[in-house]
Amino acid sequence: MSLFGFNIISLSNAVGYVNLCPLKFSGRRIMEKTIDESIQGNALQTKNRVENNKKLYIESYGCQMNFSDSEVVASILAQQGYNTTNQLKEADLVLVNTCSIRDKAEQTVRNRLDEYNAVKRDFNPKMKVGVLGCMAERLKEKFLEEEKIVDLVVGPDAYKDLPNLLEEVEQGRDAVNVILSRDETYADISPVRLGGDGVTAFVSITRGCDNMCTFCVVPFTRGRERSRSPESIVAEVNDLASKGYKEVTLLGQNVDSYLWYGGGLKKDFKKASAIQQATAIDFADLLELVAKAQPYMRIRFSTSNPQDMNEKVLHTIAKYDNICKYIHLPVQSGSTRILKEMNRQHTREEYMELIDKIREIIPGCAISHDMIIGFPTETEKDHQDTLSLMEYVKYDFGYMFMYSERPGTLAARKLEDDVPDEIKKRRLTEVITLQREHSEYRTKEYLNKRVEVLIERESKKSDKDWSGRTEHNTTTVFPKEHYKPGDYVLVDIHDCTSATLIGKAVGYSKNQQ
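First things first, this report covers the structure right here in the doc. (Residues numbered from 1 in each chain as written. Predicted model: local features only at pLDDT ≥ 70, side-chain atom pairs only at ≥ 80, totals over all residues. Heavy atoms only, no water.)

## Overview of the sheet that holds strand E9 (residues 175–177)
Strands pair in a sheet through their backbones, by hydrogen bonds, and they do so in one of two ways: parallel or antiparallel.
Part 1 of the argument: Pairing is parallel in the open sheet, where six strands are placed in the order E5-E4-E6-E7-E8-E9. The open sheet terminates on both sides in strands that have one partner only, identified here as strand E5 (82–84) and E9. In this sheet, adjacent strand axes meet at a mean angle of 25° when their direction is disregarded.
Part 2 of the argument: Summarising the sheet, strand E4 (residues 54–60) and E5 pair through three bridges and their orientation is parallel. Among the inter-strand pairings, Leu56 is bridged to a residue of E5, identified as Thr84.
Part 3 of the argument: Most of the contacts of helix H3 (residues 135–146) go to strand E8 (residues 152–154), to which it runs at about 165°, and overall it touches strand E6 (93–98), strand E7 (128–133), E8 and E9. (Pairing = 2+ DSSP bridges. Helix = DSSP H or I, 4+ residues; strand = E, 2+ residues; numbered from the N terminus. Axes fitted to C-alpha atoms, helices over the stretch in contact; angles between N-to-C directions. Contact = heavy atoms within 4.5 Å.)

Below you can see the structure in the form of structure tokens.
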């Protein structure tokens with residue numbers, strides 16, 4: 001989520017990042033970074049209401065925020081008589097929640113729209129088709145007026161308007177609302193959980209972004225940053241706990257800049273009253289509220305921005321056992337010069353100082369990164385700066401991006417994509433090779449140690465094994481025995497790959513309830 005506009009490659013043991021378009025490298029698979037690609041583009045389903053008689057088919061593509069938004073949409077439409085279905089031909093309404101990360105994502109959505117319309121033409125002429133999400137604003141005229149392939153287009157801040165827009169469609173009119181909001185956070189919507197594992201869930205805490213990184217489209221597709229009320233966030237976490245969920249990830253484009261002072265845009269905080277400013281809740285405060293509310297529930301968060309992460313947050317993570325000791329801290333480049341071209345508000349040296357603070361305050365904390373390779377004007381010296389930064393940190397894993405220009409970004413308007421593809425590919429290969437070495441180094445640190453694992457699902461490689469994660473976000477597999485998903489178990493590690501720990505469960509942990 002922290003990067004929007006690239007050909008993406010990851011070397012990761014993180015949950016939810018499963019292969020969509022695998023590339024071969026040194027005999028191992030390198031994977032594209034998206035949310036749980038085992039469900040990318042699948043029709044997501046939830047429990048149906050007996051009284052509802054209309055059918056909704058919804059597909060989602062892209063980052064965690066899109067999948068979280070689809071749960072909000074399903075909740076809103078459940079109140080309008082819609083149950084979800086995974087049968088396209090029987091749907092009354094088909095929605096696709098879209099991603100503008102890169103051209104390939106848009107082409108995937110376009111191909112699906114063609115398929116929807118073929119079904120509409122040949123099998124179900126009453127079917128209505130709509131586009132949600134980040135492609136809506138940029139392509140609304142093309143979809144509705146030029147190509148006439150959809151009935152409605154709805155932006156990320158307009159989902160509450162869906163009932164009105166559907167009325168417009170029923171009257172035979174095209175419907176569109178892509179207006180970006182200054183205050184919409186969907187705090188009053190209780191999301192349904194679409195096709196999840198019943199163990200882990202995402203909870204959105206902010207929307208939009210105020211950082212104008214030159215490579216990123218998010219400020220233009222999701223608007224200015226605003227935060228949900230802490231009361232609504234804690235209530236959602238408590239509700240998930242009551243339904244048996246064992247882990248939540250607090251979600252936002254930049255969670256560390258969370259700020260609640262009664263509502264409104266973050267940029268307007270300086271205009272707030274003295275009382276509002278004095279009683280404001282920041283991200284560290286929110287983490288503490290959630291950790292205290294559910295002491296036996298694991299708390300994760302994504303994504304952080306180096307310029308906004310502070311020692312207060314680090315001390316809060318260190319203080320509470322149920323806040324996972326793992327930070328995804330995108331750096332984008334090891335070169336201060338390139339960071340300035342990206343309009344990142346930190347230098348190489350400031351980033352390294354933050355890494356040192358993390359190591360000091362949270363010993364053993366796992367750290368992962370995002371890295372853009374071949375950003376405009378990148379020289380060989382800039383590339384070597386990136387490699388040397390990686391050597392300094394020795395990340396647990398990372399997401400490596402070969403830059404490709406995307407429409408609407410500041411970089412596309414102001415910078416020439418002047419690094420040849422062959423140089424980008426060679427540099428990317430060097431970064432991946434180094435990250436693989438560091439990932440293997442980090443996983444080997446767990447050999448002959450005992451770790452706590454939250455079981456999430458059956459292993460993809462064996463139906464006799466469970467798969468789960470440690471608090472450090474390291475995937476761990478072990479024989480099933482009598483355990484089940486949602487259990488906290490202690491596992492003795494006797495083997496590993498560069499991405500996965502292999503062991504044997506020896507009993508339940510203290511967090512098992």
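## Thoughts on the pairing of E4
Within a regular beta strand, the side chains point alternately toward one face of the sheet and then the other, so they alternate between its two faces.
Part 1 of the argument: Most of E4 is tucked away, with five of its seven residues classed as buried.
Part 2 of the argument: As a crossover connection, the stretch from E4 through helix H1 (residues 64–78) into E5 is right-handed. (Buried < 20%, exposed > 50% of the residue type's maximum accessible area, 1.4 Å probe, protein only. Right-handed = clockwise from strand over helix to strand, strands pointing away.)

## Description of the packing of aromatic side chains
For any two aromatic rings, the description comes down to two numbers: the centre-to-centre distance and the angle of the planes.
Part 1 of the argument: Counted according to the given criterion, the structure contains eight aromatic pairs.
Part 2 of the argument: Note on Tyr261 and Phe269: the rings are 5.2 Å apart at their centroids and 65° apart in plane angle, and the pair reads as edge-to-face.
Part 3 of the argument: An aromatic cluster is present here, built from Tyr326, Phe397 and Tyr399 joined pairwise through their rings.
Part 4 of the argument: When the ring centre of Phe123 is taken as origin, the NZ or CZ atom of Lys89, which lies over that ring, is 4.1 Å away.
Part 5 of the argument: When the ring centre of Trp466 is taken as reference, the NZ or CZ atom of Lys480 above it lies at 4.7 Å. (Phe/Tyr/Trp six-rings, centres within 6.5 Å; stacked < 30°, edge-to-face > 60°. Lys NZ or Arg CZ within 6 Å of the ring centre and 35° of its normal.)

Shape is all these values report; function is a separate question.
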